[in-house]
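The residues making up each chain are set out below.
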Amino acid sequence: MRLLTIGAFAKASRLSPKALRLYDELGLLTPARVDPVTGYRLYAPEQLEQARLVAWLRRLGMPLARIQHVRTLDAVAAAQEVRAFWVQVEADTAARRDLAAFLIDHLSRKDPAMSPTAKSLGIRYAALSDTGLVRESNQDTAYAGPRLLAVADGCGSQGAPASAAAIDALKRLETAGIPAGGLLNVLEDVVEEAKRAVCDIAGSSSSPEDTGTTLTAMLWTGSQLALVHIGDSRVYLLRDGELFQITHDHTMVQSMIDEGRLDPEEAASHPQRSLLVRALGQGADTTPDMRLHDAQREDRYLLCSDGLSTVVPTQDIHRVLSEISEPEQAVREFIALANGSGGPDNVSCVVADVLELQQ
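The following refers to the structure shown. (Residues numbered from 1 in each chain as written. Predicted model: local features only at pLDDT ≥ 70, side-chain atom pairs only at ≥ 80, totals over all residues. Heavy atoms only, no water.)

1. Considerations on the overall build of the protein chain
Selection criterion: For helices the rule is a DSSP run of H or I covering at least 4 residues; for strands it is a run of E covering at least 2, with both sets numbered from the N terminus onward. The buried label applies to any residue whose accessible area, calculated with a 1.4 Å probe on protein chains only, is under 20% of its type's maximum; exposed applies above 50%, and partly exposed to all values in between. Note on contacts: a residue pair qualifies if any of its non-hydrogen atoms lie within 4.5 Å across the two residues.
Helices and strands together make up the secondary structure of the protein chain, namely 12 helices and 15 strands. A buried classification covers 46% of the 359 residues belonging to the protein chain. When contacts within the protein chain are restricted to residue pairs at least 6 apart in sequence, those whose partners lie at least 24 apart make up 65%.

2. Considerations on the sheet that holds strand β2 (residues 33-34)
For the record, the criterion: Between any two strands, pairing holds if DSSP finds at least two bridges.
Ordered by their spatial adjacency, three strands build an open sheet running β1-β3-β2, and the pairing between neighbours is antiparallel. At either margin of the open sheet sits one strand with a lone partner, and together these are β1 (4-5) and β2. Relative to strand β3 (residues 41-43), β2 runs antiparallel, the two being bridged by two bridges. By the bridge assignment for β3, Arg33 is matched with Leu42.

3. Considering the side chain of Glu174
Applied cut-off: Only four residue types enter the charge count, namely Lys and Arg as positive and Asp and Glu as negative; His and the chain termini do not. Each reported salt bridge corresponds to a side-chain nitrogen of Lys or Arg within 4 Å of a carboxyl oxygen of Asp or Glu.
Structurally, Glu174 can be placed in the loop between α6 (159-170) and α7 (183-203). One buried charged residue, Glu174, forms no salt bridge at all, with the nearest opposite charge on Arg147 at 5.6 Å. If sequence neighbours within four positions are ignored, Glu174 has contacts with Tyr143, Gly145, Pro146, Arg147 and Leu148.

4. Some words on helix α3 (residues 48-60)
Applied cut-off: What a helix is expected to span follows from its residue count: subtract one and scale by 1.5 Å.
Relative to the 18 Å expected for 13 residues at 1.5 Å per residue, α3 spans 18 Å between its end C-alpha atoms, a close match to the ideal helical length. Every buried residue of α3 is accounted for by Leu48, Ala51, Val54, Ala55 and Leu57. In the segment just after α3, Gly61 is the residue with positive phi, at about 90°.

5. Some details on the layout of surface pockets
Empty space among the atoms can be located by rolling a probe the size of a water molecule over them. Definition in use: Only protein atoms enter the 1 Å grid used here, on which a cavity is any set of points holding a 1.4 Å probe that cannot leave and a pocket is any open set flanked by protein within 12 Å on both sides along at least five of seven lines; residues with an atom within 4 Å of a point are listed as lining. Grid points are joined across faces, edges and corners, and a volume is the space filled by probe spheres set on the points. Each residue gets one of three labels, nonpolar for Ala, Val, Leu, Ile, Met, Phe, Trp, Tyr, Cys and Pro, charged for Asp, Glu, Lys and Arg, and polar for the others, Gly among them.
The space that makes up the largest pocket amounts to roughly 1100 Å³. Taken together, 46 residues line the largest pocket, and the ones lying closest to its centre are Asp232, Arg273, Ser274, Asp306 and Thr310. Elements that contribute at least two residues to the lining of the largest pocket include exactly β6 (148-155), β7 (212-213), β10 (234-239), α8 (252-258), α9 (264-267), β12 (280-281) and α10 (306-309). Tallied by class, the residues present in the lining of the largest pocket amount to 17 nonpolar, 16 polar and 13 charged.

6. Overview of empty space enclosed by the protein
Taken as a whole and judged by the stated rule, the model has two cavities of 30 Å³ or more. For the second largest cavity, the calculated volume is near 30 Å³. Where the lining of the second largest cavity is concerned, the elements lending two or more residues are α7, β8 (215-220) and β9 (224-230). Of the residues that constitute the lining of the second largest cavity, the class distribution is 10 nonpolar, no polar and no charged.

7. Topic: the pairing of strand β11 (residues 242-245)
Where β10 lies against β11, four bridges are found, and the strand directions are antiparallel. Bridging across to β11, Leu237 finds its partner in Phe244. Here β10 folds back onto β11 in antiparallel fashion, the turn holding two residues, of which Asp240 has a positive phi close to 50°.

Here you go:
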C-alpha cells in the first residue's frame, strides 16, 4: 500500500499540515504510520474520506470533540447528528439576530420607549388562571397591567411560588422608567432578577433541581411590545384576521421536530412532550428569546400556558380571538374550552388589544 506524505495528504484532503498534526495529537485523525527515523506522518489513501468529512465539519463550525463523536457513528446516525448541530446553530443565529435588532435600535437612537407615536396607542387587557379539573393546585401565574403582560407555568414541588416569584420580579416594569437606549439592559436585568428569585425558591425545596418555571412576558412601550420568552408558554398574534404563533417552544419535542426526527402530528402524544430544554431554575438553560413587535391598531395578543395550547385546537383559539371582542370574556372562554377538553393541566391566559387612544 502506497502511503501519502503529510504534504500530499494535506493537499488532497484540503487540510493544512498544521491541522493534521493537531488532529493526530487529539486522536481525531491518526496517521496510518509514523516513520520511526524521521518522525514523518504518513497517511493511507483510504483515510481521505474521513479527512474530508472532518474538513467539512470544521467549515460548519462544529467543535472538535463533537466531530470525534460523529466519526464513531454510522452514516445515518452521523447525518442525524449533523442535522441536530445545525438546528442549534440556526437557533443561536436567530437569537443573535434578535439581539442585533435591539442593538440597531439602540445605536440608531430609535429606542421604542422614546417613540414619537407613544401617546397614540394603548392596550386593554385581561388575565385569568385556573387550576383545571385534574391538578390539585395551580402552579400557573398570569398577570396583565398597563405595561406588562405575563404568563408563567411552574413545575416541581415549589412550582407555584416559583412562577409567582418570576412574574413579581418583572412587575417593577409597570412603574420603573426605561431610559433612552436602555430597553435591552432593562429586560436582561429583570430576567436575571427573575432567575435569582426562582433559584431562591428552589433552594428552599427538598428537590431544588425539579423546581422551575417558564416565563413569557411582553412589555408595552407605547408603540411596540418587547417579548421575553423562556419555556413552552406561548404568544399568539391575531392581525388582520390571521393568527400567528410568535414564540417557539423550548421543549425536547420541538427540538426533535426542528431536527426532522418527529412529525408535528406525533408531538401531541409523545411521552416527552412536556420536557423543557429551557426554563428558569437551578441548572437550567435560562437564555431567553427576546424580540420587538411593532404594534398596530386592532392587533390582539394572547399569552397562554401549555394548559391551553395542548388541548384547545388552533382553529378554536382563532375563533375566540376573532369573535369575542372583550378581553375579559375571551379569557373566560379559553378557560372554559380547556376545561371542556378535560382540563388536564392548569391553564392561564392573557388577552390584550392594541387600540388608539382618545386625544
